[in-house]
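A structural walkthrough
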Amino acid sequence: MPDFGSALYLGLRHPSAALGAWDALTLGRPAASADPPGSRALAAGLAQLAGAKAATLLPSTLHLFFDLLALLATEPIALLLDDACYPVARWGAEQAAARGTPLQSFAHGSSEGALRLATAAARAGRRPVLVADGYFPGAGRPPPLRAYADIARRLDGYLVLDDTQAFGLFGRAPGCGAPYGSGGGGSLRLHGLGGAHVVLGASLAKSFGAPCAVLAGDAGLVRRFEAGSATRRHSSPPSAAAILAGLGALRLNRTRGDALRARLWRLVALWRAGLARHGLAARGGGFPVQTLELAPRVDGVRLHQLLRGAGIDTVLQGEAGRATVSFLFRADHTRADIARAVGVLAACLRRPGSIANARLEVL
């Protein structure tokens with residue numbers, strides 16, 4: 001069954017035979033007691049890739065944002081969320097708010113709204129902490145991260161990015177030869193961001209296929225985080241297998257990353273061209289998450305069932321109170337996979353009496 005439900009965008013899977021051996025999957029102690037073998041090397045490599053001064057590893061972005069925002073909240077801050085923030089960073093902000101930290105949201109992509117709230121926070125004696133995704137698949141374009149970073153810098157605050165979708169996919173200087181950019185360093189590289197006021201958190205489980213997370217930013221803040229992180233004191237760090245997968249991903253990224261990203265772009269373009277041949281429209285550029293925008297009379301749940309019954313695995317999602325279907329693309333898909341997905345989708349929409357033959361748009 002062609003799988004269009006996996007977010008391993010570069011197709012990196014790290015089979016056990018490729019990882020090498022380890023003496024123990026875990027040391028049985030938290031990172032505050034002893035960092036697992038390879039973790040410092042992986043963190044240093046990820047910091048260099050992102051263009052940050054330092055980095056540290058966490059088991060997940062849930063641990064990362066809970067600890068990071070709790071740490072920042074030991075000072076008088078105000079948390080200001082782009083309202084398209086992914087739930088994990090939002091949960092971290094909400095737990096800080098439950099302990100008394102002011103929390104407000106502004107409209108997605110509104111630098112004016114962010115500036116207004118940040119200015120009010122600064123006047124009240126609180127450092128503004130803007131929290132945003134580096135890239136939100138449903139939005140069609142990244143938020144104005146340079147404007148957000150400038151607000152944080154001018155008002156002595158922070159820009160905290162959840163870069164899970166962008167890290168490993170986007171990079172420096174996108175152009176005709178490298179539409180996603182080069183290197184895979186994520187939003188800091190793509191937008192030329194840096195400085196002590198910018199903090200990046202990202203899962204490696206998307207493009208890089210490794211189940212762990214990285215916090216990257218100013219060296220002083222990373223040291224402060226490592227000293228104060230409750231996760232590093234009370235939870236197991238990433239496993240030996242996860243660390244070896246991360247190191248393997250960095251090696252593959254250096255040797256094949258740009259080629260994989262270029263292949264992924266071509267596959268998404270092939271999908272979009274296939275839709276056009278069937279009279280279907282696509283918008284949202286070349287991002288590998290493509291969400292069908294169904295006409296009101298089209299039953300998204302039924303479409304998902306028909307696709308699965310025909311051997312095409314997709315993601316069923318709820319959006320604005322309705323069910324819709326997402327196709328996720330990877331660099332290890334084949335041209336035959338794309339042709340089959342387009343053909344089956346078109347056939348499902350033509351199926352009489354089961355689903356309306358409506359014009360679709362793909363985000």
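All values derive from a computational prediction rather than experimental measurement. (Residues numbered from 1 in each chain as written. Predicted model: local features only at pLDDT ≥ 70, side-chain atom pairs only at ≥ 80, totals over all residues. Heavy atoms only, no water.)

Here the focus is the environment of W22. Along the chain, W22 turns up in the loop between helix 1 (16–19) and helix 2 (39–50). What makes W22 partly exposed here is its relative accessible area of 35%. For the pair W22 and R330, spaced 308 residues apart in the sequence, the C-alpha separation amounts to 29 Å. Contact partners of W22, with chain neighbours within four places excluded, come to A240, A241 and L244. (Helix = DSSP H or I, 4+ residues; strand = E, 2+ residues; numbered from the N terminus. Buried < 20%, exposed > 50% of the residue type's maximum accessible area, 1.4 Å probe, protein only. Contact = heavy atoms within 4.5 Å.)

Time to look at the environment of H63. Summarising the element assignment, H63 is placed in helix 3 (residues 61–72). Classification of H63 as partly exposed rests on a relative accessible area of 25%. The sequence separation of H63 and A230 amounts to 167 residues, and the corresponding C-alpha distance is 8.8 Å. Once residues lying within four places of it in the same chain are set aside, the contact partners of H63 are L58, T231 and S235.

Time to look at empty space enclosed by the protein. Regions of empty space are outlined by a rolling probe, equal in size to a water molecule, passed over the atoms. A full pass over the atoms with the stated rule returns three cavities of 30 Å³ or more. Lining the largest cavity are 13 residues; nearest its centre among them are D35, S39, T56, L57 and R232. Here the lining of the largest cavity gets three residues from one element, more than from any other, and that element is helix 2. A breakdown of the residues in the lining of the largest cavity according to their chemical character gives seven nonpolar, two polar and four charged. (1 Å grid on protein atoms, 1.4 Å probe; cavity = no way out; pocket = protein on both sides within 12 Å on 5 of 7 lines; lining within 4 Å. Points joined across faces, edges and corners; volume = space filled by probe spheres on them. Nonpolar A, V, L, I, M, F, W, Y, C, P; charged D, E, K, R; others polar.)

Of all hydrophobic cores here, the largest spans 83 residues; its most connected members are F167, W271, L303, L307, F327 and L345. The biggest single contributor to this core is helix 10 (residues 240–277), with twelve residues. Excluding residues within four positions of it along the chain, F167 makes contact with L46, L49, A50, G184, G185, G186, A202, L204, S207, F208 and V214. Counting residues in hydrophobic clusters, the runner-up holds 24 residues, among them L79, L81, A89 and A96. (Core = buried A, V, L, I, M, F, W, Y, C linked by side-chain atoms within 4.5 Å.)

Another point: the layout of surface pockets. Considered as a void within the structure, the largest pocket measures approximately 550 Å³ in volume. Considering the residues around the largest pocket, the lining is formed by 23 residues, among which Y86, F136, P137, Q165 and Q317 are closest to the centre. Elements supplying a minimum of two residues to the lining of the largest pocket: strand 9 (289–293) and strand 10 (315–319). In terms of residue class, the lining of the largest pocket is built from eleven nonpolar, eight polar and four charged.

Turning to the packing of aromatic side chains, a few remarks are in order. Taken as a whole and judged by the stated rule, the model has twelve aromatic pairs. Ring centres 6.0 Å apart and planes at 40° place the aromatic pair F170 and F287 in the tilted group. In this pair, F170 is assigned in the loop between strand 5 (158–162) and helix 7 (187–191) and F287 in the loop between strand 8 (281–282) and strand 9, connecting sequence segments 117 residues apart. No difference in accessibility class separates F170 from F287, as the two residues are buried. Following the ring pairs from residue to residue traces out a cluster consisting of Y9, Y135, F170, Y180, W265 and F287. (Phe/Tyr/Trp six-rings, centres within 6.5 Å; stacked < 30°, edge-to-face > 60°.)

Turning next to the confidence of the model for the protein. It should be kept in mind that the predicted coordinates are not to be read in detail where pLDDT is low. Looking at the protein, pLDDT values average 93 and 94% of them are 70 or higher. Below pLDDT 50 for its whole length, residues 356–363 participates in 45 contacts with residues either more than four positions away or in separate chains. (pLDDT = per-residue confidence, 0-100.)

This paragraph deals with the packing of helix 3 against helix 8 (residues 219–228). Contact pair helix 3 / helix 8: the axes reach a minimum separation of 10 Å and the direction vectors enclose 105°. Considering the angle they form, helix 3 stands roughly perpendicular to helix 8. Facing helix 3, whose interface residues are L64, D67, L68, L71 and L72, helix 8 presents L221, R224 and F225. Residues belonging to the contact of helix 3 with helix 8 are distributed by class as follows: six nonpolar, no polar and two charged. (Axes fitted to C-alpha atoms, helices over the stretch in contact; angles between N-to-C directions. Parallel < 35°, antiparallel > 145°, perpendicular 65-115°, else oblique.)

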